[in-house]
Amino acid sequence: MSRPNRSDRGARLRRRSAGVRRWLERRALVLTTLVTAGVLAVMLYLPVGVVFVEAVIDDGTATLAFFRAVLTDPFYVGVLADVFAEPLAVRAHLESLVGWLGAISVSVSIESPLPGVSLPIPWLALEVPPIRKGLFGFTAYQAALSTIASVALGLPAAYVLANYEFRGRRTLRSLTILPFVLPGIMVAVGFYAMFGRAGTLNQGLGMLGLGPIPFMEWNPLAIVIVAHAFYNAPLVARVTVAAWESVDARSVETARSLGASPRRAFRDVVVPQLLPAILTGALLTFIFTFMTFPIVLALGGLQLATVEVWIYDRVRRLAYSEAATLAVLETLLSLALTYAYLRYESAQSGLARAATAPSRTPLFPDLRTALSPRRLAIIGYGLVALVVFVGPLASLVVGSVTDGNGVTLAHYAFLLERQLEGASYQTLPWVAIRNSLLFGVATLAVAVPMGVVVSVVTVRAGRGGTIVDTLAMLPLAVSGVVFGIGLLQGLVFGVSLPGGWRFQVTGGVAIVAAHAVAAYPFVTRNVSPLLSTLDPALVESARALGASRYRALRDVELPLVASGIVAGAAFAFAISIGEFSSTVILASGSQTYTMPVAVERYLGRRSGPAIAMGTVLLVVTAASFVVVDRVGGRFER
Amino acid sequence: MTDLRLEDVSKVYGADGTGTSALEDVDITVRDGEFFTLVGPSGCGKTTTLRTIAGFEAPTDGAIRFDGREMAGVPPERRDVGVVFQSYALFPHMNVAENVGYGLRFREPPDGETVDKRVADLLKLVDLEGMGDREPDQLSGGQRQRVALARALAPAPDLLLLDEPMSALDAQLRESLRRQVTRIQSELGITTVYVTHDQAEALAISDRLAVMHDGRVEQVGRPQEIYREPATRFVAEFVGDNNVFEGDVRGRNGEYSQVAIDGETISLPALPDGADRAAFCVRPGALSQAADHNRLPVTVETSEFLGETVRVNGRWNGRRIVLQLSDVPESDELTVGFAPADAHIIDQD
């Protein structure tokens with residue numbers, strides 16, 4: 001009698017579990033959306049909110065005193081301090097502005113700039129009286145210079161990639177996404193390995209019997225700007241090439257047939273279609289370099305401090321209120337810039353797909369053409385690009401196996417020795433590598449589902465989707481350091497909850513949260529374009545055939561956007577491996593340091609091991625880039 | 001199997017029902033086993049109607065009943081409907097057999113069949129025997145359309161919904177597929193709702209059809225009724241070539257009513273008493289040079305040779321008029337007439 005009984009119960013159990021499963025499936029999308037919203041609220045909005053609160057609360061009372069102190073201090077805002085101190089004294093401010101403008105002198109003279117050669121050249125001299133820029137002014141100043149350098153370096157690349165056919169063009173074009181997966185601290189160390197006193201450049205000069213030239217001490221700002229161009233020129237090139245390739249060749253031919261010369265057709269038809277893309281690239285570059293951190297920290301230090309570096313320094317000195325105030329001001333500025341960028345981007349979103357793509361001419365069809373002035377200029381540019389883009393990475397690898405006297409494995413040996421014999425308070429290489437990989441995998445596990453859910457919700461929600469999209473993309477506008485402070489104060493130090501509870505997240509969990517929040521927008525950016533081009537009838541067909549919304553997502557949508565998910569995952573992994581800004585704040589004084597943090601700690605004492613550690617980081621990053629490339633990853637929306 | 005009722009279904013887009021109205025009081029009954037067509041110009045609401053039946057969109061007002069069961073709140077996957085879209089929407093990452101078998105992951109095949117047998121049967125039904133291993137991108141447009149049909153039919157749905165399934169195909173293929181669809185439909189006896197903008201197609205294949213315009217149903221009826229007795233001016237002009245006129249009622253002359261248009265008097269079948277305006281239509285084929293009533297002088301503008309007949313576009317008193325003649329007219333001026341019984345009076349609203 002017991003057998004049928006048991007099978008009876010078994011059947012009932014099975015039926016009930018099938019019922020539960022169906023209930024879960026039907027609500028899976030809603031549930032995962034709620035979980036994602038919860039994670040975002042706790043890991044993104046709470047920390048950022050804590051920073052904002054910190055900036056306006058002093059001993060439990062609301063105050064704007066911190067803002068007032070920052071805005072009226074010439075150290076921070078330069079000459080604008082007077083304006084903020086007495087905003088109503090318009091007349092006095094205008095007078096000093098006029099006085100300053102009046103002191104600008106422009107002079108033309110005939111000079112012979114080449115020593116020993118009497119070649120008279122008309123020389124235009126512009127003299128601007130010195131002006132106190134302050135911390136914010138300097139940050140904007142270096143961002144502007146970096147933007148100019150990035151556009152100058154990126155545009156020729158776009159021209160060559162869009163107009164000439166040569167072996168490796170497609171590879172080169174896809175390599176322009178590389179900067180997004182290269183850790184900033186590693187690039188900084190690469191530049192150090194190239195331009196440092198014992199760097200590859202000086203080694204080369206030494207072979208010629210010259211140098212050493214102290215490039216870094218000579219003009220650190222120039223090195224920082226070149227490093228920023230290393231990052232952002234490919235971005236400018238990428239968006240410009242995309243616009244250039246979408247120019248309809250027939251429209252140029254139409255202009256020609258209507259009487260325009262080739263030059264005139266280029267000016268009237270092609271340039272107007274390129275300008276928006278160039279401006280987009282420039283705006284993004286300005287935003288990125290305004291929030292720059294690891295490059296300036298490693299190459300310039302406090303003498304070149306940008307807002308971000310100064311905030312970091314304040315945090316290390318435990319001046320949290322000041323750090324939070326600066327963080328809020330910086331975030332407001334970058335949000336305004338990002339908003340301007342988004343407005344501008346959507347205003348010119350009607351970029352048409354070319355009916356007929358422009359044709360490309362062979363770059364070097366024969367020797368004769370190769371020696372024409374235009375081709376020689378391209379070769380010259382290629383050499384410059386080689387130095388700027390390949391130089392630092394090659395120097396990193398070379399620097400890791402050489403010292404002043406030749407080839408050596410001493411730097412790696414140092415890492416190994418430190419690992420085997422180092423004290424627990426010292427920075428151990430294997431711990432850094434293990435942490436990096438661990439956090440990377442954990443970031444994947446959190447960021448990929450989050451990114452996919454945000455994608456699904458934004459793509460399918462229509463107008464409401466834009467709001468979700470904007471809210472979910474906030475991480476792109478909040479700098480890593482600001483976010484790190486927020487996590488430190490909001491989660492690591494903990495927040496009090498009603499009823500005597502305390503909400504606290506520490507160590508690795510906080511770091512994974514920081515990485516996941518920084519990484520999931522890249523998953524969304526990779527998945528959304530694929531998802532939005534899917535025929536909605538596919539899902540509807542599946543639904544009509546009996547699939548729940550969740551099953552339709554699992555059976556139809558996800559398999560069709562799998563390549564985007566994998567690419568997004570590779571991005572997420574690379575972002576996690578390279579993340580420095582939040583990690584360096586969260587890992588201070590703990591055992592949760594990662595490879596980039598280790599690089600920075602070594603860099604402070606001996607450069608050799610830092611360069612070797614940077615090379616290890618390069619290898620790991622390169623591996624994830626290969627995956628991105630294989631599955632056709634993209635950064636563009 | 002199933003009959004379908006739409007009771008005063010309305011659909012308004014936008015917040016709080018204040019936005020644009022897509023459907024207004026659509027009231028339709030589709031009988032069990034019937035081939036029913038929704039026809040109208042683009043934007044008339046026919047596809048929206050289909051989507052509310054399938055459950056992809058919820059009506060703002062009114063009820064949809066399958067066999068009397070109210071379907072509000074029932075998600076598409078639990079309505080037992082088969083849908084074929086204009087784009088076919090074949091799953092590109094599944095082969096033909098997987099596509100056809102997809103619905104059988106959620107419902108048992110009918111009559112205790114195995115999934116494989118059911119898929120093979122369906123492929124045979126649409127003349128694609130042995131094509132199960134093909135990938136969708138290896139198929140022609142017509143083949144894809146038939147796979148989509150087989151996929152929709154595989155779980156033995158109660159209702160088959162076809163949303164312009166032919167419009168992406170060329171004219172010849174469309175006709176042969178149309179015959180295949182109607183053959184399968186009558187073999188299975190499945191209640192079918194078909195959406196098209198092509199009025200000739202609608203007349204050719206439907207048991208009954210509804211002509212839709214601006215979110216409203218203008219007329220429901222058998223093809224012959226719709227063609228011969230259009231209920232509204234829109235139906236008269238949308239379905240087939242037609243000449244629609246309007247005039248002032250002048251009185252009764254025996255069995256005929258007299259209507260004046262620009263001073264010319266036309267004899268029509270008796271109008272209801274008290275009407276002072278009348279609209280009527282005359283098919284091009286009813287206008288002939290031999291007829292001795294209602295003679296109208298026509299200036300020929302263009303002639304289109306169609307094979308069996310010639311369509312002549314001309315003007316009478318400046319009004320556009322379409323004739324159907326057996327040969328190209330020799331002169332630019334000709335006179336045609338029509339018997340009062342060949343005129344159809346359109347209800348004025």
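Looking at an unreviewed UniProt entry, one finds chain B named Molybdate/tungstate import ATP-binding protein WtpC and attributed to Natrinema gari JCM 14663. Its UniProt record, at the heading Subunit (unreviewed entry), says of chain B: "The complex is composed of two ATP-binding proteins (WtpC), two transmembrane proteins (WtpB) and a solute-binding protein (WtpA)." According to the UniProt record, the Sequence similarities (unreviewed entry) comment for chain B reads "Belongs to the ABC transporter superfamily. Sulfate/tungstate importer (TC 3.A.1.6) family."

Taking an unreviewed UniProt entry as the reference, chain A is identified by name as ABC transporter integral membrane protein belonging to Natrinema gari JCM 14663. Taken from UniProt, the Sequence similarities (unreviewed entry) comment for chain A reads in full: "Belongs to the binding-protein-dependent transport system permease family."

Description of unusual backbone geometry
Residue and element names in this part refer to chain B. Even without being a glycine, D111 presents a positive backbone phi close to 55 degrees. Within the secondary structure, D111 is located in the loop between α2 (96-101) and α3 (115-125). Owing to a relative accessible area of 79%, D111 belongs among the exposed residues under this scheme. The phi dihedral of A156 is positive, around 50 degrees, even though this residue is not glycine. Considering the arrangement of structural elements, one finds A156 in the loop between α4 (141-153) and β7 (159-163).

Brief notes about the packing of helix α6 (residues 134-163) of chain A against helix α11 (residues 220-245) of chain A
Packed helix pairs are characterised by how far apart their axes lie and by the angle those axes make with each other. Residue and element names in this part refer to chain A. Where α6 contacts α11, the axes come no closer than 5 Å and their chain directions differ by 45 degrees. The pairing of α6 with α11 is recorded here as oblique in orientation. For the pair α6 and α11, the crossing hand works out as right-handed. Looking at the contact of α6 with α11 residue by residue, the class counts come to 20 nonpolar, eight polar and one charged.

Thoughts on the packing of α4 of chain B against helix α5 (residues 171-188) of chain B
All names here are of chain B. Contact geometry for α4 and α5: axes closest at 11 Å, N-to-C directions at 15 degrees. Between α4 and α5, the angle is such that the two are roughly parallel. Crossing of α4 against α5: the hand is right-handed. Contact residues: α4 offers G142, Q145, R146, L149 and L153, while α5 offers L173, L177, Q180, V181, I184 and L188. Considered class by class, the residues forming the contact of α4 with α5 number seven nonpolar, three polar and one charged.

Section: the interface of chain B and chain A
With 25 residues of chain B at the interface, the matching set in chain A holds 20 residues. Regarding the contact of chain B and chain A, the summed buried area is about 1800 Å², with carbon and sulfur atoms giving 62% of it. Summed over the shared surface of chain B and chain A, the result is three salt bridges. The salt bridge involving R105 of chain B is made with D555 of chain A; its shortest N-O contact spans 3.6 Å. For the pair chain B and chain A, the interface holds seven residue pairs in polar contact (both at pLDDT 80 or more).

Side note on the pairing of β7 of chain B
Residues and elements named next belong to chain B. The element β7 is largely enclosed, with a buried count of five among its five residues. Burial of β7 is two-sided: the residues L159, L161 and D163 facing one way and the residues L160 and L162 facing the other way are all buried. Here strand β6 (residues 81-84) pairs with β7 via four bridges, running parallel. The partner of V81 across the bridge, within β7, is L159. As paired strands, β7 and strand β8 (residues 191-196) are joined by five bridges and run parallel to one another. Along β8, the bridge assignment pairs L159 with T191. Taking the sense of rotation as the criterion, the β-α-β connection linking β7, α5 and β8 turns out right-handed.

Concerning the domain arrangement of chain B
All names here are of chain B. For chain B, the domain assignment lists domain 1 (4-237) and domain 2 (241-346). For domain 1 versus domain 2, the separation of C-alpha centres amounts to 38 Å. Taken together, the 10 residues of domain 1 in the interface contact seven residues of domain 2. Counting each side, the surface lost to burial between domain 1 and domain 2 is near 730 Å², with a carbon and sulfur contribution of 53%. The largest per-residue losses of area from domain 1 upon contact with domain 2 belong to Y227, R233 and A236, which jointly make up 62% of the total buried on that side. Put simply, E246 and R233 hold a salt bridge, and the shortest N to O gap is 2.9 Å. Our count for the domain 1 to domain 2 interface comes out at four residue pairs in polar contact (both at pLDDT 80 or more). Sorting the residues of the side of domain 1 that touches domain 2 by element identifies α7 (223-228) and α8 (233-238) as the ones contributing at least two each. For the side of domain 1 that touches domain 2, a count of residues per class yields five nonpolar, one polar and four charged.

Some details on the nonpolar core
L299, I311 and M613 of chain A together with L4 and L161 of chain B are the most contacted members of the largest nonpolar core, which totals 176 residues. Looking at this core, the element that brings in the most residues is helix α23 (residues 507-533) of chain A, giving 14 residues. By size, the runner-up hydrophobic cluster in this structure holds 32 residues, among which are A150, L153, A154 and L160 of chain B.

Section: the pairing of strand β17 (residues 319-325) of chain B
Summarising the sheet, strand β16 (residues 310-316) of chain B and β17 of chain B pair through seven bridges and their orientation is antiparallel. In the sheet register, V312 of chain B faces β17 of chain B, and the bridge partner there is L323 of chain B.

Considering the environment of N317 of chain B
Residue and element names in this part refer to chain B. Of note, N317 is situated in the loop between β16 and β17. Residue classification places N317 among the partly exposed residues on the basis of a relative accessible area of 40%. Sequence separation between N317 and A154 is 163 residues, and the spatial gap between their C-alpha atoms is 58 Å. Look past the residues within four positions of N317 in its chain and what remains in contact with it is D262 and E264.

Some points on helix α28 (residues 595-605) of chain A
Side chains that are three or four residues apart share a direction in an α-helix, a result of its 3.6 residues per turn. Across the 11 residues that make up α28 of chain A, a large majority, eight, are buried. Restricting attention to buried positions, one finds in α28 of chain A the residues M595, P596, V597, A598, V599, E600, Y602 and L603 of chain A.

Some words on the sheet that holds strand β10 (residues 216-221) of chain B
Backbone-to-backbone hydrogen bonds pair the strands of a sheet. The strands run either parallel or antiparallel. Residue and element names in this part refer to chain B. The strand order across the open sheet formed by six strands is β6-β7-β8-β3-β9-β10, and the pairing between neighbours is mixed. Looking at the sheet topology across the chains shown, the edges are occupied by β6 and β10. Averaged over all pairs of adjacent strands, the angle between their axes in this sheet comes to 15 degrees, without regard to strand direction. Taken strand by strand, helix α1 (residues 46-54) contacts β3 (35-39), β6, β7, β8 and β9 (208-213), and its axis lies near 150 degrees from that of β7.

With respect to a negative patch on the surface
Residues and elements named next belong to chain B. There is a patch of like negative charges on the surface, built from E98, D133, E135 and D137. Structurally, E135 is set in the loop between α3 and α4. The exposure class assigned to E135 is partly exposed, which follows from its relative accessible area of 32%.

Looking at the confidence of the model for chain A
Residue and element names in this part refer to chain A. Averaged over all residues, the pLDDT of chain A is 79; the fraction at 70 or higher stands at 88%. Within chain A, helix α21 (residues 463-472) has the poorest average pLDDT of any element, 64, and helix α24 (residues 536-544) the best, 90. Low confidence marks residues 633-637, where pLDDT is under 50. Its contacts with residues over four positions away, or in another chain, come to 19 contacts.

Describing the packing of aromatic side chains
All told, the structure shown has 20 aromatic pairs over all chains when counted by the stated rule. Both rings, one in Y159 of chain A and one in Y164 of chain A, keep their centres 5.6 Å apart while their planes meet at 75 degrees; by these two values the pair is edge-to-face. Between F286 of chain A and F290 of chain A, the ring centres sit 6.1 Å apart and the planes meet at 25 degrees, which makes this aromatic pair stacked. Taken together, the positions of F286 of chain A and F290 of chain A, both in helix α13 (residues 262-290) and four residues apart, correspond to about one turn of that helix. Stacked on the ring of F91 of chain B, the Lys or Arg R151 of chain B has its end atom at 4.5 Å from the ring centre.

Conventions we followed
Residues numbered from 1 in each chain as written. Chains lettered and ligands numbered in written order. Predicted model: local features only at pLDDT ≥ 70, side-chain atom pairs only at ≥ 80, totals over all residues. Heavy atoms only, no water. UniProt positions renumbered as here; feature names shortened; annotations may be inferred. Helix = DSSP H or I, 4+ residues; strand = E, 2+ residues; numbered from the N terminus. Buried < 20%, exposed > 50% of the residue type's maximum accessible area, 1.4 Å probe, protein only. Axes fitted to C-alpha atoms, helices over the stretch in contact; angles between N-to-C directions. Parallel < 35°, antiparallel > 145°, perpendicular 65-115°, else oblique. Left-handed = near helix turned anticlockwise from the far one by under 90°. Nonpolar A, V, L, I, M, F, W, Y, C, P; charged D, E, K, R; others polar. Contact = heavy atoms within 4.5 Å. Buried area = accessible area lost by both parts, 1.4 Å probe. Salt bridge = Lys/Arg side-chain N within 4 Å of Asp/Glu carboxyl O. Polar contact = N/O pair within 3.5 Å; in protein donor to acceptor, adjacent residues only side chain to side chain. Pairing = 2+ DSSP bridges. Right-handed = clockwise from strand over helix to strand, strands pointing away. Domains from an automatic or database assignment. Core = buried A, V, L, I, M, F, W, Y, C linked by side-chain atoms within 4.5 Å. Patch = residues over 30% accessible without salt bridge, like charges linked within 9 Å, V, L, I, M, F, W, Y side chains within 5 Å. Areas by Shrake-Rupley, 256 points an atom, 1.4 Å probe, with all protein chains shown as cover. Lys, Arg positive; Asp, Glu negative; His and termini not counted. Charge placed at Lys NZ, Arg CZ, Asp CG, Glu CD. pLDDT = per-residue confidence, 0-100. Phe/Tyr/Trp six-rings, centres within 6.5 Å; stacked < 30°, edge-to-face > 60°. Lys NZ or Arg CZ within 6 Å of the ring centre and 35° of its normal.

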